[in-house]
Amino acid sequence: MPDRYAVIGHPIAHSKSPLIHGLFAEATGQDMTYETIDGGAEDGGFARALAAFRAAGGKGLNVTLPFKLQALAAADDASEDARLAGAANALRFDRGRIEAQNFDGIGLVRDIEVNLGVPLQGRRVLLLGAGGATRGALLPIARAGAARIVIANRTPSKAAELARELAPHLSGCAVEGGGYDALASGAAFDVVINATSASLSGAAPAVPVSAFATCALAYDMVYGKGLTPFLKLAQTAGAARVADGVGMLVEQAAEAFAWWRGVRPDTGAALARLTVPLV
């Protein structure tokens, strides 16, 4: 009988994960199935779905909104990335225990460095937003050798608090946080990453054009929306390259697949299938 895996979220019908993991399984010859599970909006829905999936012999879950915090809380063991992010996006069930990981930031860094060919070593990185996406990205970006990370958020105190909290874990990388107004001094960055949800509503974060003066890459974590307002702003301001988050989606999926199955799939076919032209 094939091993069972799934992605859980609410809503979940739009998820690309079954397509991605189906391609991975076919390419690597893995005997497995992959489905979607809607955890529902009611209290306790995630816990009930998790228990039912485990009882039915499920081997692992990808976790998407709004259940990433609950996934971490349900785990018996969690990686440093998951603990510092305060959320888990992958679970593995092993010998009666639940193990948690967060591969979002790892997938982001791999997409930037491997797929897009932009090294983060020694770079100045601007992260827009101070929510879970930024939390998950900070440690992997620091591990990649970034020299400086600035977190900018519309609520400056939230960005400053996040920087103070995670600074002790970002060895060798300077980190600071504040508001968008603080960027008006003219500071420029090598990589600018939009980790807000602004692009989903057709808006752009209030980042000044000066931030893109030396920008090698402007990256929007939102994917499949074409040239978002943020990416248009970056292009107009002189960013050398722009990219959306489809590579992050695929690469974090590959990390989860490798964690579950012990083999890392090539991501080229999935990237080609899901990439939307940035126009």
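(A) Fine view of the overall build of the protein. Counting its regular elements, the protein contains 10 helices and 12 strands. Across its three principal axes, the protein shows a C-alpha extent of roughly 60 × 35 × 35 Å. By the burial criterion, 53% of the 279 residues in the protein qualify as buried. Of the accessible surface of the protein, which amounts to about 11,900 Å², a share of 52% is contributed by carbon and sulfur atoms. Within the protein, the 26 negative side-chain charges are centred at a point lying 1 Å from the centre of the 25 positive side-chain charges.

(B) Quick peek at the sheet that holds strand E2 (residues 32–38). Overall, mixed pairing links the six strands, which are arranged E2-E1-E3-E5-E6-E4 in an open sheet. Strands with a single pairing partner mark the edges of an open sheet, and in this sheet they are E2 and strand E4 (77–78). Relative to strand E5 (residues 90–94), strand E3 (residues 60–63) runs antiparallel, the two sharing three bridges. Its bridge partner being in E5, Gly-60 is matched across the sheet by Arg-92. Against the sheet, helix H1 (residues 17–28) touches strand E1 (3–9), E2 and E3, its axis set at about 170° to E2.

(C) Structural detail: unusual backbone geometry. Cis peptide bonds are those with omega within 30 degrees of zero, and the linkage from His-10 to Pro-11 qualifies with -5°. The residue after Leu-65, namely Pro-66, is reached through a cis peptide bond having omega 5°. Its place among the elements puts Pro-66 in the loop between E3 and helix H3 (68–74).

(D) Representation of helix H7 (residues 156–166) in the model. Three or more residues of H7 are buried, namely Ala-159, Ala-160, Leu-162, Ala-163 and Leu-166. The arc enclosing the buried residues of H7, seen along the axis, measures out at 160°, which places them on a common side. Of the surrounding elements, those touching the buried residues of H7 are helix H4 (80–85), helix H6 (132–143), strand E8 (148–152) and strand E9 (174–178).

(E) Geometry of the environment of Ile-8. Structurally, Ile-8 is set in strand E1. Among the residues examined, Ile-8 registers a relative accessible area of 1% and is labelled buried. Sequence spacing of Ile-8 and Thr-64 is 56 residues, and the spatial spacing of their C-alpha atoms is 6.2 Å.

(F) Quick peek at the pattern of salt bridges. Evaluation of the coordinates by the stated rule reveals 15 salt bridges. Two residues, Arg-143 and Glu-80, come together in a salt bridge whose shortest N-O distance is 3.9 Å. Of this pair, Arg-143 sits in helix H6 while Glu-80 sits in helix H4, placing them 63 residues apart in sequence. Residue Glu-80 is classed as partly exposed on the basis of its relative accessible area of 35%. One salt bridge connects Arg-264 with Glu-251, and the closest N-O pair in it is separated by 2.8 Å. Note that Arg-264 is positioned in the loop between helix H9 (246–261) and helix H10 (268–274) and Glu-251 in helix H9, a separation of 13 residues in sequence. With relative accessibility at 0%, the residue Glu-251 sits in the buried group. A single network of salt bridges, built from pairs that share partners, joins Arg-110, Glu-251, Glu-255 and Arg-264.

(G) Main features of the packing of H6 against H7. The contact between H6 and H7 brings their axes to 11 Å, and the two run at 35°. Where H6 crosses over H7, the handedness of that crossing is right-handed. The segment H6 lies against H7, with Thr-134, Arg-135 and Leu-138 engaging Leu-162, Glu-165 and Leu-166. Per-class residue counts for the contact of H6 with H7 are three nonpolar, one polar and two charged.

(H) Focus on the pairing of E8. For E8, the tally of buried residues reaches four of five residues, placing the bulk of the element in the interior. Sheet topology note: the strand E7 (residues 124–128)/E8 ladder contains five bridges and is parallel. Of the residues in E8, the one forming a bridge with Arg-124 is Arg-148. For the handedness criterion, the β-α-β arrangement of E7, H6 and E8 is classed as right-handed. When E8 meets E9, the two strands line up parallel, connected through five bridges.

(I) Layout of the sheet that holds strand E10 (residues 191–194). Spatial ordering of the open sheet is given by E9-E8-E7-E10-E11-E12, a layout of six strands whose pairing is parallel. The open sheet has two edge strands, E9 and strand E12 (242–243), and neither has a second partner. Direction of pairing for E10 relative to strand E11 (residues 217–220): parallel, over a ladder of four bridges. Bridge pairing links Val-191 to Leu-217 in E11.

Procedures and definitions
- Residues numbered from 1 in each chain as written.
- Predicted model: local features only at pLDDT ≥ 70, side-chain atom pairs only at ≥ 80, totals over all residues.
- Heavy atoms only, no water.
- Helix = DSSP H or I, 4+ residues; strand = E, 2+ residues; numbered from the N terminus.
- Buried < 20%, exposed > 50% of the residue type's maximum accessible area, 1.4 Å probe, protein only.
- Areas by Shrake-Rupley, 256 points an atom, 1.4 Å probe, with all protein chains shown as cover.
- Lys, Arg positive; Asp, Glu negative; His and termini not counted.
- Charge placed at Lys NZ, Arg CZ, Asp CG, Glu CD.
- Pairing = 2+ DSSP bridges.
- Contact = heavy atoms within 4.5 Å.
- Axes fitted to C-alpha atoms, helices over the stretch in contact; angles between N-to-C directions.
- Arc of directions from axis to C-beta.
- Salt bridge = Lys/Arg side-chain N within 4 Å of Asp/Glu carboxyl O.
- Left-handed = near helix turned anticlockwise from the far one by under 90°.
- Nonpolar A, V, L, I, M, F, W, Y, C, P; charged D, E, K, R; others polar.
- Right-handed = clockwise from strand over helix to strand, strands pointing away.

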